[in-house]
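A closer look at the structure
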Amino acid sequence: TVNVSENRRVRHHQTRSQETSFYKKESDRLRDFSDTVRQPHFRLSSGSPLSSIVQIGIGGSELGPNTFNQAFSYVYGDHCPFKVHFIGNIDPMAIEHVLQSLNLRETLFIFVSKSGSTLESISNYELVESYWAAAGLDNEVLKQQTIGITSKNSVLDRPSEYLNCFYIDDHIGGRFSMSSMVGGVVLSLAFGFDTYQAFLDGAHAMDNGCLTENITQNPALLSAFISLWERNYLGYTARAIIPYSAALSRFPNFVQQLSCESNGKQVDSQGKSVPFKTADVIMGDQGTNAQHSFFQMLHQGSDIIPVEFIGVKQSGLGNSTAIRNHDYLNI
């Protein structure tokens, strides 16, 4: 039990290994469902074909899935027959920007809230309902074009009202929910279940790597120790994450949430002040854009900011000029 304030375990690694019947059952259900929805003859309750998917959620229910949807779209874009959108911000301008671009009859909504009571998500879904009503459409049809992702027995657990419901348990923290149904449903519908399963397999391999006792062969543990060293012994307050891939342009924000929300505490589990520095400030952007943005400060500024460079091996580049440009990244 790591989350002592709520007396909860941490089980997000089991969504990758699927070693429990709960996660295996949900995974099997998702495979069948996504295979059905992705069929060319599939029709929504409105009688229309599916052209757009909108996921409504906030925090980990938006940031992780949105980050990897963008990454997948660069590599597996030809697998996705739908337009995929995410609504997290409660700002009505942001929501209306999405809704005004949709054919509502051809849209499937994914409503994500573990508790079923998240204010931002509920408010945003209510705005969807108002758009639906303004278009003269039946609210019951909207429900049948909605998938709920929640915990069992929450107020959002309405399998008889919605097109479908998928579940996560209390031991999956929001910021670590990417590999649960929170990320799995939208990415399986968009890119196919097998593509998403390959992502889970890679994550599971990294999980297993955490068990390696030799720290030089355990990149996750080595990275954690380096971060502790830089923050507490060298006194560096920030760290930059720089992926040299447009597909990973949102990845620094994803890491920012994982690190700052998890480690950004000034008291321990007993409520006592910790005698050391905790989280560093995570910043970053994709290279080479960042080189023309804030790298002058990294090179010449008065503060030292460690940088984690992420290089990407790209294959399938058939254009000689594209190969040249990718070689520039390696330089």
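We now turn to the structure provided with this report. (Residues numbered from 1 in each chain as written. Predicted model: local features only at pLDDT ≥ 70, side-chain atom pairs only at ≥ 80, totals over all residues. Heavy atoms only, no water.)

1. A closer look at the sheet that holds strand 6 (residues 238-243)
Strand-to-strand pairing in sheets goes through backbone hydrogen bonds, with the strands running parallel or antiparallel. Condition: Note: two strands are recorded as paired if DSSP finds a minimum of 2 bridges between them. Here a strand is any run of E in DSSP of at least two residues, a helix any run of H or I of at least four, and the numbering for each starts at the N terminus. Whenever a helix is involved, its axis is fitted only over the stretch in contact; in every case the axis is a line through C-alpha atoms, and angles between N-to-C directions fall within 0 to 180 degrees.
With respect to topology, 3 strands assemble into an open sheet ordered 7-6-8, the strand pairing being parallel. The sheet is open, and its two edges are formed by strand 7 (281-284) and strand 8 (307-310), each paired on a single side. Going from strand to strand, the sheet's axes swing by 20° on average, the running direction of each strand aside. Here 4 bridges tie strand 6 to strand 7, and the two strands are oriented parallel to one another. Along strand 7, the bridge assignment pairs I241 with G284.

2. So, the sheet that holds strand 4 (residues 146-150)
What counts here: Note on definitions: a residue-residue contact is assigned when non-hydrogen atoms from the two residues lie within 4.5 Å.
Ordered by their spatial adjacency, 5 strands build an open sheet running 2-1-3-4-5, and the pairing between neighbours is parallel. Looking at the sheet topology across the chains shown, the edges are occupied by strand 2 (83-87) and strand 5 (164-167). Taking the axes of each pair of neighbouring strands and ignoring which way they run, one obtains an average angle of 20° across the sheet. In this structure, strand 1 (residues 52-56) lies alongside strand 2, joined through 5 bridges in parallel fashion. Across the sheet, the residue bridging to I56 is I87, located in strand 2. Here helix 2 (residues 21-37) sits on the sheet and contacts strand 4 and strand 5; the angle it forms with strand 5, its principal contact strand, is near 150°.

3. Examining the environment of S73
Let me state the cut-off plainly: For each residue, the accessible area found with a 1.4 Å probe, counting protein chains only, is set against the maximum for its type, and the residue is called buried under 20%, exposed over 50%, and partly exposed in between.
Mapping S73 onto the fold places it in helix 3 (residues 63-76). On the basis of relative accessibility, which here comes to 33%, the residue S73 falls in the partly exposed class.

4. Remarks on a nonpolar patch on the surface
Stated precisely, the cut-off is as follows: Each patch is built from salt-bridge-free residues with over 30% relative accessible area, joining like charges within 9 Å and nonpolar side chains (Val, Leu, Ile, Met, Phe, Trp, Tyr) within 5 Å. Values of accessible area rely on a 1.4 Å probe in the Shrake-Rupley scheme; residue burial ignores everything except the protein chains shown. When a carboxyl oxygen of Asp or Glu lies within 4 Å of a side-chain nitrogen of Lys or Arg, that pair is called a salt bridge.
Taken together, the side chains of L221, F225 and L228 define a hydrophobic patch exposed on the protein surface, amounting to about 260 Å² of accessible area. In this fold, F225 is placed in helix 9 (residues 219-233). On the basis of relative accessible area, F225 is assigned to the partly exposed category, the value being 43%.

5. Notes on the pattern of salt bridges
Evaluated as defined, the whole model comprises 12 salt bridges. R11 is the salt-bridge partner of D169, the closest N and O atoms lying 3.7 Å from each other. Here D169, found in the loop between strand 5 and helix 7 (181-191), pairs with R11, found in the segment before helix 1 (12-17); they are 158 residues apart in sequence, far enough to count as distant. For D169, a relative accessible area of 12% corresponds to the buried category. A salt bridge links E261 to R175, with the shortest nitrogen-to-oxygen separation between them at 3.3 Å. Pair noted here: E261 is in helix 10 (residues 251-263) and R175 is in the loop between strand 5 and helix 7, with a separation of 86 residues, a long-range link. E261 gets classed as partly exposed once you look at its relative accessible area, which sits at 40%.

6. Regarding the state of the cysteines
Quick reminder of the rule: Disulfides are defined as cysteine sulfur pairs within 2.5 Å.
Overall, the coordinates contain 0 disulfides when judged by the stated rule. Distance from the sulfur of C260, which forms no disulfide, to the nearest cysteine sulfur (C210) is 20 Å. Look at C260 and you get partly exposed, because its relative accessible area is 28%.

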